[in-house]
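Remarks on the overall topology
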Amino acid sequence: MNIIEEKRLKLGLIQKQIAEMIGVDRTTVGKWELGISIPRVEKIFALSKLLSCSIEDIFRG
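Here we summarise the structure given alongside this text. (Residues numbered from 1 in each chain as written. Predicted model: local features only at pLDDT ≥ 70, side-chain atom pairs only at ≥ 80, totals over all residues. Heavy atoms only, no water.)

Structural notes on the environment of glycine 30
With respect to the helices and strands, glycine 30 occurs in helix α3 (residues 26-34). Remark: the alpha-carbon pair of glycine 30 and isoleucine 3, spanning 27 residues in sequence, is separated by 12 Å. (Helix = DSSP H or I, 4+ residues; strand = E, 2+ residues; numbered from the N terminus.)

So, the nonpolar core
In terms of nonpolar packing, the biggest core is built from 14 residues, with Ile4, Ile18, Trp32 and Leu47 touching the most fellow members. Every element with two or more residues in this core is listed here: α1 (3-10), α2 (15-22), α3 and α4 (41-51). (Core = buried A, V, L, I, M, F, W, Y, C linked by side-chain atoms within 4.5 Å. Buried < 20%, exposed > 50% of the residue type's maximum accessible area, 1.4 Å probe, protein only.)

Topic: α4
Among the residues of α4, Lys43, Ile44, Leu47, Ser48 and Leu51 are the ones counted as buried. Projected onto a plane normal to the axis of α4, the buried residues spread over an arc of 130° and lie on a single side. Exposed residues lying more than 90 degrees from the buried face of α4 are Glu42 and Lys49. The first or second residue beyond α4 is serine 52, which carries a positive phi of 55°. (Arc of directions from axis to C-beta.)

Structural notes on the packing of α2 against α3
Contact pair α2 / α3: the axes reach a minimum separation of 8 Å and the direction vectors enclose 110°. As summarised for this structure, α2 and α3 are arranged roughly perpendicular, according to the angle between their axes. Every residue of α3 that contacts α2 at Gln15, Lys16, Ile18, Ala19 and Ile22 is listed here: Arg26, Val29, Gly30, Trp32 and Glu33. Of the residues that constitute the contact of α2 with α3, the class distribution is five nonpolar, two polar and three charged. (Axes fitted to C-alpha atoms, helices over the stretch in contact; angles between N-to-C directions. Parallel < 35°, antiparallel > 145°, perpendicular 65-115°, else oblique. Contact = heavy atoms within 4.5 Å. Nonpolar A, V, L, I, M, F, W, Y, C, P; charged D, E, K, R; others polar.)

Structure follows, in structure tokens:
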């Protein structure tokens, strides 16, 4: 489990909710969680704020 999935689950959110909050498709969030792709720069900032973690955490996770 990576940091995005871990933080999302702690917040009690599903992938679709995260996707809607930051303006991406649900499958995109799934790819981030599986490590298939990484968020674009503008999405990393929104994601780190939403998940209350650092940008570094997202890249390490």
